[in-house]
Amino acid sequence: MIAYVRRQDRSLGTPPQVWAIPVATRVEELVSRSPSGVPGSTESRGPRLSADGRFVTYRTAAPELGAAGNPWPQVVVTDRYAGTTALLSRAADGTPGSSLSTLAQISGDGRWVAFTTFADTLLAGDHNGLGDVAIARVDASAPADSDSDGLADGWERDHFGSLDATASADPDGDGQGNADEQAARTSPRHVESVLRLQISPEGVPLEVRWSGMAGVRYQLEHATHLNADSSWTPLGDPVTGYTGALRVSLPTATASGSLFLRLAAQPTP
Ligand SMILES: [Ca+2]
Ligand SMILES: [Ca+2]
Ligand SMILES: [Ca+2]
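1. Quick notes on the overall build of the protein chain
Point 1. Within the protein chain, the regular secondary structure consists of two helices and 17 strands.
Point 2. Projected onto its principal axes, the C-alpha positions of the protein chain cover 70 × 45 × 30 Å.
Point 3. For the protein chain, the residues scored as buried account for 32% of the 269 residues in total.
Point 4. For the protein chain, contacts bridging at least 24 residues in sequence account for 50% of all contacts bridging at least 6.

2. Things to note about the pairing of strand β8 (residues 101-106)
Point 1. Pairing of β8 with strand β9 (residues 112-117), which is carried by four bridges, proceeds in the antiparallel orientation. Within the sheet, the bridge partner assigned to Thr 102 lies in β9 and is Thr 116.
Point 2. Adjacent in sequence and paired antiparallel, β8 and β9 are bridged by five residues, among which Gly 110 carries a positive phi angle near 80°.

3. Describing the environment of Pro 39
Point 1. Tracing the backbone through its elements, the reader meets Pro 39 in the loop between β3 (29-30) and β4 (44-49).
Point 2. Not counting the four nearest positions on each side in its chain, Pro 39 is found in contact with Gln 8, Gln 17, Leu 30, Ser 32 and Arg 33.

4. A word on unusual backbone geometry
Point 1. If you check the backbone angles, Arg 26 has positive phi at about 55° while not being a glycine.
Point 2. Among the structural elements, Arg 26 can be located in the loop between β2 (16-21) and β3.
Point 3. Of the residues examined, Arg 26 has 9 C-beta atoms within 10 Å and is grouped as exposed.
Point 4. Positive phi is not limited to glycine here, since Ser 148 has a value of about 50°.
Point 5. By the secondary structure assignment, Ser 148 is in the loop between β10 (132-137) and α1 (153-160).
Point 6. Look at Ser 148 and you get exposed, because 6 C-beta atoms sit within 10 Å.

5. Quick look at the sheet that holds strand β11 (residues 198-199)
Point 1. The sheet built from three strands is open, its strands ordered β11-β12-β16 with antiparallel pairing. Since the sheet does not close on itself, it has two edges, and those belong to β11 and β16 (244-249), each with one partner.
Point 2. Inspection of the sheet shows strand β12 (residues 207-212) paired to β16 by six bridges, in the antiparallel sense. Across the sheet, residue Arg 209 finds its bridge partner in β16, namely Arg 247.

6. Some points on the sheet that holds strand β7 (residues 84-87)
Point 1. The antiparallel open sheet is built from four strands, whose spatial order is β4-β5-β6-β7. Here the strands that pair on one side only, and so sit at the sheet edges, are β4 and β7. Strand after strand, the sheet turns through a mean of 25° between neighbouring axes, direction not considered.
Point 2. Pairing of β4 with strand β5 (residues 55-60), which is carried by four bridges, proceeds in the antiparallel orientation.

7. Thoughts on the nonpolar core
Point 1. One finds Val 56, Val 76, Val 77, Leu 88 and Val 113 to be the most contacted residues of the largest nonpolar core, which totals 24 residues.
Point 2. Elements that contribute at least two residues to this core include exactly β2, β5, β6 (74-79), β7, β8 and β9.
Point 3. Contacts of Val 77, omitting those with residues within four sequence positions, involve Phe 55, Val 56, Thr 57, Ala 86, Leu 88, Val 113 and Val 138.
Point 4. By size, the runner-up hydrophobic cluster in this structure holds seven residues, among which are Ala 184, Trp 210, Met 213 and Val 216.

8. Brief notes about the domain arrangement of the protein chain
Point 1. Domain assignment breaks the protein chain into domain 1 (2-137), domain 2 (143-193) and domain 3 (195-269).
Point 2. The C-alpha centroid of domain 3 is placed 24 Å from the C-alpha centroid of domain 2.
Point 3. Looking at the side of domain 2 that touches domain 3, its residues break down into two nonpolar, two polar and one charged.

9. Things to note about the environment of Glu 156
Point 1. Considering the arrangement of structural elements, one finds Glu 156 in helix α1.
Point 2. Put simply, Glu 156 and Val 248 are 92 residues apart on the chain and 32 Å apart in space, counted from C-alpha to C-alpha.
Point 3. Sequence-distant contacts of Glu 156, defined by excluding residues within four places in its chain, comprise Leu 151, Ser 162, Leu 163 and Ala 165.

Conventions we followed
- Residues numbered from 1 in each chain as written.
- Chains lettered and ligands numbered in written order.
- Predicted model: local features only at pLDDT ≥ 70, side-chain atom pairs only at ≥ 80, totals over all residues.
- Helix = DSSP H or I, 4+ residues; strand = E, 2+ residues; numbered from the N terminus.
- Buried ≥ 20, exposed ≤ 12 C-beta atoms within 10 Å, placed from the backbone.
- Contact = placed C-beta atoms within 7 Å.
- Pairing = 2+ DSSP bridges.
- Axes fitted to C-alpha atoms, helices over the stretch in contact; angles between N-to-C directions.
- Core = buried A, V, L, I, M, F, W, Y, C linked by C-beta atoms within 7 Å.
- Domains from an automatic or database assignment.
- Nonpolar A, V, L, I, M, F, W, Y, C, P; charged D, E, K, R; others polar.

Given below as structure tokens:
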């Protein structure tokens, strides 16, 4: 996913807007618009994406997006899969901050946004006139799934450009169906983007490795037999994912005898 800023009709008379393009489909999408589709009436700038491209944070002065209608830009986050935009630089009563909020950054899992603010209404007793760094939690709602196939509409559009994908299909032939790739945040169109355990070839204790993704929580599980009624039990603590190599050392007591491993991946709560 790529996010950027350009004017809506490329003329100087319209405000800069935030746009996004999924790499897989190259279908441009206006991000800085109200849930009903109205483009922001004043400028939006500075987009930052979560690792999966679902969440976009940016600054905007557009009242359609939750700003106050005064000249001061506010920080908002758009959940592209739920079709909602939420004001983050807000006071406890929900009103937009009294001054500029800008320079928004978002965590890989899309759940936290940090920004710089000169408003003195976001925190009680903040009257020193200096800028502050604020952190806001993003309240994610369930993504739309209009065809009830277990795949978020936004995820289907980002990867396939339509809602024709099915949960069990495996178009890239990597052995994992679309629903599993959605849960693991791997690409359903690239065979090398797949959740797969690797075991260190030597050394004690044994070590397992895999390619991690932000926004996914992993739990290693083990069993002593591999059949239909295998009893899988957690091995170690859950691992909060980030984009990069993850590894877990197996406890010495389990590194002998017959041991089967599997890795469960779930979206971060
Ligand atoms: Ca769907
Ligand atoms: Ca697949
Ligand atoms: Ca894949």
